[in-house]
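What the coordinates show
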Amino acid sequence: MIEVSGLTGGYQNEDILTDINLTINEGEFFALIGPNGSGKTTLLRLMTGALAPSGGIIEISGKPIQTYSPRKKAEIMAVLAQSSHVEFDFSVEEIVMLGRYPHQKGLIKHISRRDKEVVSEVMKQTEVYQYRNKPFKWLSGGEKQRVLLAKALAQEPKILFLDEPTNHLDVKHTVEMLQHLKAYQAKRQMTIIAILHDLNTAALFADRFGALHQGRLVKKGDLSVLKNETLLQKVYEVDIKHHSHPTLAKPQMLVAPEEMHHSNPHALEAEVDQNEQCIHIAFPRPLRVLSNAVVGEGLQWLCHFCNFYVPKNYDCSNPADDVRKWLEKAGIPLGDTLGMMTAVKLADKAIVNEVIMDTHIFTIVTAGVGNAMDITKEHPLAEAWQIGTINIMVFLDEHLTDGAFVNAVQSATEAKTKALVDMEVTDPATKSIATGTSTDSIAIAATQNGTPTPYAGSGTRVGKAIGQSVYRAVTEAIENYRTRVGK
Ligand SMILES: Nc1ncnc2c1ncn2[C@@H]1O[C@H](COP(=O)(O)OP(=O)(O)OP(=O)(O)O)[C@@H](O)[C@H]1O
């Protein structure tokens with residue numbers, strides 16, 4: 001365990017760090033974060049005993065760092081410093097072997113079998129084994145960094161200090177190095193203290209975090225440190241937003257430069273293009289979208305919105321691939337596009353494009369009610385995937401928060417269901433009023449102009465605009481459908 005209390009220190013009588021108090025537990029991965037010049041390296045140097053503090057105490061396993069002999073320190077801790085320039089004519093293996101020095105006993109050091117085993121193991125772990133006979137100076141920056149990490153690991157330290165260990169490493173080697181370190185750490189209960197500039201990497205691999213700002217440790221704690229946008233904004237002096245990693249319970253940070261938040265005043269002036277196969281709505285700039293569409297699902301920024309017609313006997317074994325093929329054929333850029341499917345004739349579509357309660361809102365709906373369902377009643381589940389029949393796309397000139405997007409889906413769904421009630425659409429299986437159809441799709445797309453709106457439920461201006469627009473569009477689309485099929 002490392003205990004830092006009341007630590008003050010710096011260079012040539014100038015204190016860089018003031019009153020640092022910190023406990024780092026055995027076996028944890030502690031990340032030091034903070035902007036350039038905030039004092040991270042200075043803190044690391046003080047903790048390793050390379051710099052003498054001007055005040056305060058640093059204890060390692062209950063003993064002040066000053067009481068450790070250099071040899072004892074080298075036995076328990078290893079340091080991978082920032083930009084270590086070793087340009088001697090050593091081979092990679094010789095450099096890594098230097099890490100074994102503290103473990104070699106006697107006046108005349110000799111390389112033991114164990115030394116050889118450890119060196120070869122760490123070279124394999126850091127993927128430098130294949131370069132073992134090469135001169136170190138021939139290696140690339142990233143390869144050198146991995147060799148120096150291997151040297152540090154060869155020391156078999158209890159505590160590993162890393163100053164920007166992923167400097168020079170590409171994405172693959174960054175992830176691999178930190179994964180190896182985590183595995184190694186778990187095996188040996190090694191404590192890692194690392195300066196990490198990349199907050200996303202820190203979020204993925206570190207257990208706890210300390211944020212330095214102008215020589216003070218302004219926050220320490222778990223992932224909540226990285227989720228604290230106000231803190232990060234103060235420390236880094238740039239707007240940082242966090243969002244959730246799509247597959248891991250970890251936050252990821254995104255920088256949002258102020259000057260890039262441009263106004264988008266004509267964003268709802270879309271071009272609508274329609275033929276028998278597809279309705280294509282194209283916006284000149286991307287809209288933020290929440291959707292369950294076949295292609296473009298989740299939260300995304302998209303410019304193109306397509307609703308494809310498919311016949312009732314369409315083979316739906318791979319709808320996303322089909323939509324991608326159709327988009328490619330039509331020359332519509334896949335990465336910018338949302339794609340839905342419907343078995344309803346596209347000519348039955350309804351468009352409501354107006355300003356409701358100060359909100360410019362444009363809703364387009366295709367609606368067939370052949371597979372209408374009452375969601376509250378027990379039903380045999382549909383055996384095969386069926387094509388969505390009420391497809392709703394809502395475009396708004398509003399700025400919705402993520403929560404407001406969810407509210408907007410709620411509002412649109414309530415309005416759809418009200419339309420089904422008023423149109424007396426029934427579930428053929430239960431004979432009760434339907435709440436939707438079995439495979440409905442929805443997209444809420446907003447320009448994100450203006451001040452963020454946190455709510456879009458039925459008690460809000462935006463929610464009411466969505467409700468009225470969707471109600472009218474669904475009603476008209478069902479009327480069109482019924483007129484065509486003669487029901
Ligand atoms: N050897 C030195 N002598 C005098 N001042 C120094 C020395 N090394 C660093 N400093 C100063 O101490 C302050 C903190 O530097 P430090 O290297 O600890 O910051 P850092 O947070 O690690 O920055 P970076 O992210 O840029 O590596 C800086 O203002 C720096 O100029």
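Residues numbered from 1 in each chain as written. Predicted model: local features only at pLDDT ≥ 70, side-chain atom pairs only at ≥ 80, totals over all residues. Heavy atoms only, no water.

1. What to know about the layout of surface pockets
Space inside the second largest pocket adds up to approximately 270 Å³. What lines the second largest pocket is Asp273, Asn275, Gln277, Cys278, His280, Phe308, Tyr309, Trp326, Lys329, Ala330 and Ile332. Listing elements by their share of the lining of the second largest pocket, those giving two or more residues are β14 (278–291), β15 (298–309) and α10 (319–330). A per-element tally of the lining of the second largest pocket places α10 first, with three residues. Grouping the constituent residues of the lining of the second largest pocket by class yields six nonpolar, three polar and two charged. (1 Å grid on protein atoms, 1.4 Å probe; cavity = no way out; pocket = protein on both sides within 12 Å on 5 of 7 lines; lining within 4 Å. Points joined across faces, edges and corners; volume = space filled by probe spheres on them. Helix = DSSP H or I, 4+ residues; strand = E, 2+ residues; numbered from the N terminus. Nonpolar A, V, L, I, M, F, W, Y, C, P; charged D, E, K, R; others polar.)

2. Regarding the site of the ligand
Neighbouring the ligand are 14 residues, the closest being Gly37, Gly39, Lys40, Thr41 and Thr42. At 3.5 Å from a nitrogen atom of the ligand is found a side-chain nitrogen or oxygen belonging to Tyr11. Between an oxygen atom of the ligand and a side-chain N or O atom of Thr41, the distance comes to 2.8 Å. Bound to the protein, the ligand loses 64% of the 640 Å² it would expose on its own. Among the elements that take part in the shell around the ligand, helix α1 (residues 40–48) stands out by supplying four residues, more than any other. Of the residues contributing to the shell around the ligand, the split by class is three nonpolar, nine polar and two charged. (Near = heavy atom within 4 Å. Polar contact = N/O pair within 3.5 Å; in protein donor to acceptor, adjacent residues only side chain to side chain. Areas by Shrake-Rupley, 256 points an atom, 1.4 Å probe, with all protein chains shown as cover.)

3. Overview of the domain arrangement of the protein chain
In terms of domain boundaries, the protein chain breaks down into domain 1 (2–255) and domain 2 (271–485). Just the C-alpha atoms count here: the centres of domain 1 and domain 2 sit 51 Å apart. (Domains from an automatic or database assignment.)

4. Section: the packing of helix α4 (residues 113–125) against helix α6 (residues 171–188)
For the pair α4 and α6, interaxial distance at closest approach is 10 Å and the crossing angle is 140°. What the angle tells us is that α4 and α6 run oblique. Counting all contacts with α4, which are made through Glu121, Val122 and Gln125, the residues of α6 involved are His180, Tyr184, Lys187 and Arg188. Classifying every residue of the contact of α4 with α6 gives two nonpolar, two polar and three charged. (Axes fitted to C-alpha atoms, helices over the stretch in contact; angles between N-to-C directions. Parallel < 35°, antiparallel > 145°, perpendicular 65-115°, else oblique. Contact = heavy atoms within 4.5 Å.)

5. What about the sheet that holds strand β7 (residues 159–163)?
The sheet built from six strands is open, its strands ordered β6-β7-β8-β3-β9-β10 with mixed pairing. The sheet is open, and its two borders are formed by β6 (77–80) and β10 (216–221), each paired with just one other strand. Shown here is a sheet whose adjacent strand axes are inclined to one another by a mean of 15°, direction ignored. Here four bridges tie β6 to β7, and the two strands are oriented parallel to one another. Bridge pairing in β7 links Ala78 to Leu160. Lying on the sheet, α1 is in contact with β3 (29–33), β6, β7, β8 (191–195) and β9 (208–213); it crosses β7 at an angle near 155°. Its contacts with the sheet place helix α9 (residues 229–236) against β3, β9 and β10, and it is angled at close to 40° to β9. (Pairing = 2+ DSSP bridges.)

6. Re α6
Between its first and last C-alpha atoms α6 spans 26 Å; for 18 residues at 1.5 Å apiece the expected length is 26 Å, and the two agree. Within the sequence span of α6, burial applies to His173, Thr174, Met177, Leu178, Leu181, Tyr184 and Gln185. Take α6 and look down its axis: the buried residues cluster within an arc of 125°, on one side only. Exposed side of α6, more than 90 degrees from the buried face: Val171, Ala186 and Lys187 are the residues found there. In this structure, the buried side of α6 is in contact with β3, α4, α5 (141–154), β7, β8 and α7 (199–205). With a side-chain oxygen lying 3.2 Å from the backbone nitrogen of Lys172, the N-terminal cap of α6 falls on Asp170. Within two residues after α6, Gln189 carries a phi angle of roughly 55°, on the positive side. (Expected span 1.5 Å × (residues − 1). Buried < 20%, exposed > 50% of the residue type's maximum accessible area, 1.4 Å probe, protein only. Arc of directions from axis to C-beta.)

7. Overview of empty space enclosed by the protein
Left-over empty space is what a probe sized like a water molecule reveals as it rolls over the atoms. Summed over the entire model, instances satisfying the criterion amount to two cavities of 30 Å³ or more. The calculated volume of the largest cavity comes to roughly 60 Å³. Forming the walls of the largest cavity are Gln125, Thr126, Glu127, Arg146, Leu149, His173, Glu176, Met177 and His180. Among the elements of the structure, α5 and α6 are those that each provide at least two residues to the lining of the largest cavity. The leading source of residues in the lining of the largest cavity is α6, at four residues. Each residue belonging to the lining of the largest cavity can be placed in one class, and the counts come to two nonpolar, four polar and three charged. A volume near 40 Å³ is recorded for the second largest cavity. In terms of lining residues, the second largest cavity is bounded by Ile279, Asn307, Ile364, Val365, Thr366, Asn391 and Met393. At the level of elements, β18 (359–367) and β20 (390–396) are the ones that each hand at least two residues to the lining of the second largest cavity.

8. Considering the nonpolar core
Counting residues in hydrophobic clusters, the biggest one holds 51 residues, and the most contacted among them are Val96, Leu160 and Leu181. Residue contributions to this core peak at seven residues, all from α5. Every residue in contact with Leu181, bar those within four places of it in the chain, is listed here: Leu149, Leu153, Leu160, Leu162, Met190 and Ile192. (Core = buried A, V, L, I, M, F, W, Y, C linked by side-chain atoms within 4.5 Å.)

9. Some thoughts on the environment of Glu328
In this fold, Glu328 is placed in helix α10. For Glu328, a relative accessible area of 66% gives the class exposed.

10. With respect to the packing of aromatic side chains
The description of an aromatic ring pair uses the distance of the two centres, along with the angle that the planes make with each other. Summed over all chains, the structure comprises six aromatic pairs. Summarising the aromatic geometry, the rings of Phe305 and Phe395 are spaced 4.8 Å apart at their centres and angled 80° between planes, so their arrangement reads as edge-to-face. Note that Phe305 is positioned in strand β15 and Phe395 in strand β20, a separation of 90 residues in sequence. The two residues Phe305 and Phe395 agree in class, both being buried. Consider the rings of Tyr314 and Trp326, whose centres lie 6.2 Å apart with planes at 55°: the pair is tilted. (Phe/Tyr/Trp six-rings, centres within 6.5 Å; stacked < 30°, edge-to-face > 60°.)

11. Points about α9
Of all the residues in α9, the buried ones are Leu231, Leu232, Val235 and Tyr236. For α9, the arc enclosing every buried residue in end-on projection is 105°, short of the 170-degree limit, so these residues lie on one face. The outward face of α9, more than 90 degrees from its buried face, is lined by the exposed residues Thr230 and Lys234. Glu237 sits one or two positions beyond α9 and adopts a positive phi of about 55°.

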